[in-house]
Structures are given as C-alpha cells and as structure tokens.
Amino acid sequence: MAHKEQVLIRLEGITKEFNGTIAVQDLNLEIREGEFLCFLGPSGCGKTTTLRMIAGLERPTRGEIYLRDQRITDWPPQRRNIGFMFQNYALFQHMSVYDNLAFGLRVRRVPPTEIERRVRAVAQALELEPVLNLRASRLDLSTMQRVALARILVIEPQVLLLDEPLNNFRPGLRELMRAELKRWQYQFGRTMVYVTHDQEEALTLGDRVVVMNAGRVEQVGTPDEVYWRPATLFVAGFIGRPPMNLIPVEYRISEGHAFLISPDFEMRVDERRALIEASSFLPRLILGIRPEQLLIPDLHASSHEGLVRIPAKVDLVRPLGRKLILDLKTRSGLLIQMVTPSTRRFAVGDDLEIAFHPHQALLFDPHTGQGLY
Ligand code: ATP
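All values reported here derive from a predicted model rather than from experimental measurement.

**What about the environment of Ala136?**
Along the chain, the position of Ala136 falls in the loop between helix H3 (112-125) and helix H4 (141-153). Assessed through its relative accessible area of 0%, Ala136 is described here as buried. Here the alpha-carbon distance between Ala136 and His257, two residues 121 residues apart in the chain, equals 71 Å. Residues contacting Ala136, with those up to four places away along its chain left out, are Leu91, Phe92, Gln93, Met95, Asn100 and Met144.

**A closer look at the side chain of Arg146**
Tracing the backbone shows Arg146 in helix H4. Within the buried set, Arg146 has no salt-bridge partner at all; the shortest N-O distance to an opposite charge, 4.7 Å, is to Glu127. For Arg146, the side chain forms a polar contact with the main-chain oxygen of Glu127, separated by 3.3 Å. Excluding its chain neighbours within four sequence positions, the residues that come into contact with Arg146 are Leu126, Glu127, Leu128, Met177 and Trp184.

**Points about the packing of helix H2 (residues 97-107) against H3**
A packed helix pair is summarised by two numbers, namely the angle formed by the two axes and the spacing between the axes. Between H2 and H3, the shortest axis-to-axis distance is 10 Å and the interhelical angle comes to 130°. The angle between the axes of H2 and H3 places the two elements in the oblique class. For the element pair H2 and H3, the recorded crossing hand is right-handed. Between H2, through Tyr98, Leu101, Ala102, Leu105 and Arg106, and H3, the contact on the second element is made entirely by Ile115, Glu116, Arg118, Val119 and Arg120. Tallied by class, residues from the contact of H2 with H3 come to six nonpolar, no polar and four charged.

**Some details on the packing of H4 against helix H5 (residues 171-188)**
Across the interface, H4 lies against H5 with an axial gap of 11 Å and an inter-helix angle of 20°. Relative to H5, the element H4 is oriented roughly parallel. Crossing angle aside, the handedness with which H4 passes H5 is right-handed. Contacts from Ser142, Gln145, Arg146, Leu149 and Leu153 of H4 reach H5 at Leu173, Met177, Leu181, Trp184 and Phe188. Split into classes, the residues belonging to the contact of H4 with H5 amount to seven nonpolar, two polar and one charged.

**Regarding the domain arrangement of the protein chain**
Interface size is commonly expressed as the accessible area that is lost once the parts come together. According to the domain assignment, the protein chain consists of domain 1 (7-238) and domain 2 (245-364). Relative placement of domain 1 and domain 2: their C-alpha centres are 40 Å apart. On the domain 2 side, the residues contacting the eight residues of domain 1 number seven residues. Counting the surface lost from both domain 1 and domain 2, the interface buries some 700 Å², and carbon and sulfur atoms represent 65% of this.

Here is what the cut-offs are and how they apply
Residues numbered from 1 in each chain as written. Predicted model: local features only at pLDDT ≥ 70, side-chain atom pairs only at ≥ 80, totals over all residues. Heavy atoms only, no water. Helix = DSSP H or I, 4+ residues; strand = E, 2+ residues; numbered from the N terminus. Buried < 20%, exposed > 50% of the residue type's maximum accessible area, 1.4 Å probe, protein only. Contact = heavy atoms within 4.5 Å. Lys, Arg positive; Asp, Glu negative; His and termini not counted. Salt bridge = Lys/Arg side-chain N within 4 Å of Asp/Glu carboxyl O. Polar contact = N/O pair within 3.5 Å; in protein donor to acceptor, adjacent residues only side chain to side chain. Axes fitted to C-alpha atoms, helices over the stretch in contact; angles between N-to-C directions. Parallel < 35°, antiparallel > 145°, perpendicular 65-115°, else oblique. Left-handed = near helix turned anticlockwise from the far one by under 90°. Nonpolar A, V, L, I, M, F, W, Y, C, P; charged D, E, K, R; others polar. Domains from an automatic or database assignment. Buried area = accessible area lost by both parts, 1.4 Å probe.

Right, dumping it as structure tokens:
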C-alpha cells in the first residue's frame, strides 16, 4: 500500500520522568499515516514508555501529543482510537475465539449485525474462520497471537501499537509471524508502531526505524539509512552483526593534502576536508567501515585503484554457510572483523592484506558522536 505522507501522530518535546529517572527526553517525532514504524534500542532506552504515552497509558511530564491537528496529550486511551497489544496479551481463555473478537465491539455497543460483519471479515483475513468456535484456551501460540491481533483490528483503530508481540515465540515461528505481520499491515494499510530490541526484526519490518538510546532518539530513518548512513556512533555500533568496525584515526595536513592516519594505514580525504574541519575534536576522528565492505585484493579481481590497504593476521575464523566471519589483528593490535565469501580457506595465523574503498568509509566525531556527512 502506498504511504500517504500525511502526519498522523506528532510528538513534540516529550519528556517523561519517573521519580527523578528520565525515561524519555525531549523526543520529537512524526508518525505518518499508513507506515510501519519500528522503535529499536537496548533494554531500558524508553521504547515502551514512549508507546504507553502514545496510547494514553502514561502522561508526559513535558511536551505535547497531536493526533492529526488535535492536541490529545490529556485524552484517556479509549478516546484516542488507538489499539495496543503488549507482550503478554491475555485472551479470555474460557470464551470462544468469536466472543474474544466480538467482546470489544459489544463493550462499544456496536450493533450485532455490524459486529458479525466485522468479526467475519477480520477472521477471514487472518485465517481464523476454522477456529471461531473453539475456546481460546485450546489454541496454539501462533493462533493466539493472530486472535490477539484480530481483536484489535475489529475495532478498526487508526493506529496499532505493538510492544514486542513476538517475544513468546520460538525463533522459527517468530520469523514466520514476522512475515505474517508485514503481510497484514500491507493488507490492512494501518499505521503500525512496533517496539522491539531485535534489530533484525526492526530492519525487516519497518518502513522507518527510530533508534533510541538512554531516553533519546539517535536517528529516525529507513532501514537502509540507519544501516548505511548511521547518524551517530551509537547507531553505527548498535546496528549490524558483526558490528561496524570503528577505527580511531588522526587528521593531518601534509604538503597541502588532507589525510587520515592510523598506525595501520593512511587515507587521503581532500574532498571531505570541509566536513572534517567542522568537527569538534580534531585531530581525532573515528572511521567506520562495515565488515562486508572489507575485501581481500588478492581475491577480488576488480579494480584495486585507490584502495586503502591494511596488513593483518587472521585471529579467528567463523564459518557461516556461504560466508564467514574473520577476526583479524592489525600490526598495531587493532581488531578488525570482516565478512567474506567462504570460497577460500583461511587459517589462524595467516598473513592477509585487507582493503576498503575510501569513499565507503564513514567518519564520526568522537566527542559528539555525530556522523560527518
Ligand atoms: P525494555 O525493552 O527493557 O522494556 P524499554 O526501552 O521499553 O526497555 P522503558 O520500559 O520505557 O524501556 O523504560 C525506560 C526507563 O524508565 C527505564 O530506566 C525504566 O526502569 C524506567 N521506568 C519505566 N517505567 C517506569 C515506572 N513505571 N516507574 C519507574 N521507572 C520506570
């Protein structure tokens, strides 16, 4: 479904404190109509608290929340037309699936014919028709999950908030449910806000990802943007397995040219001079390069011109099917990780020259953590 680019929910300067603990700090965010937005971050970074404020279950200490252009900061949850599903969703075990789905509509005094119509439509979409008459207690986990979601969908909320809804699933099933969720979202075209600490989940599900750390938003971007153009050192180090190599370097001018120098390599950066010189902590910088962007010039026949080369020794080999992860030690003792096709055999102790294309290297200010773009 094409996204309407309209803003549905706007969070303005939201801060939430619990007895002196700042759970969320000065958060500004626009949630667009029809998008799948994932909140990603380590435990305790404020994801759930943010979701609960959108739902109306917590009141921000400061800041405002808008639904379209209406200020809803003080509205109770039931007035917001927002559906939410938390990690431990509880179905009414003794009721049939049908009654579980109809319950929220009956409470809202929806006419019986309309209840029947909505329950049937959602049950059909989520393939729940065969189990409509079964008691909830007799369902397997994945069906319970679908019932929990269907129960929200029948109410036809404008937004669905999901907090780690797949945590209870074993890994294989979790992947399956992930694909299902994506399909449902596509099918129903609803705005979904999804909290997870699992980066793979956020990157595969989200149209956009909000990366949070210690109560603050580090970056909001598409999965590609947060992966390939991380706004901060935190995002660079948090997203990606194995993580991005973050290498300390020094900026130097020599004979009119700008260089980044490390004990293991040097690199010309004339074209990035202006960006670098705006950095706050010169001459120190951090250079970031993804493990899969490193290559072995011996193995790759394509152009080697302009490559930055690093002599290294193999320290650990971890096969991963068609690929493998190499841990390498440079002459200065730096650990660098690379991902490479497993077409060649490597042994611990092998000497190897690795390299990268200089234009692929990202640069960060070590003091502010900001990427220099
Ligand atoms: P997790 O994935 O572990 O749930 P999270 O990113 O969702 O983490 P939150 O649950 O939002 O993080 O918590 C953010 C911070 O606020 C944490 O330090 C947490 O201890 C604190 N916090 C959350 N709720 C409360 C509360 N009701 N009372 C006191 N402190 C709270």
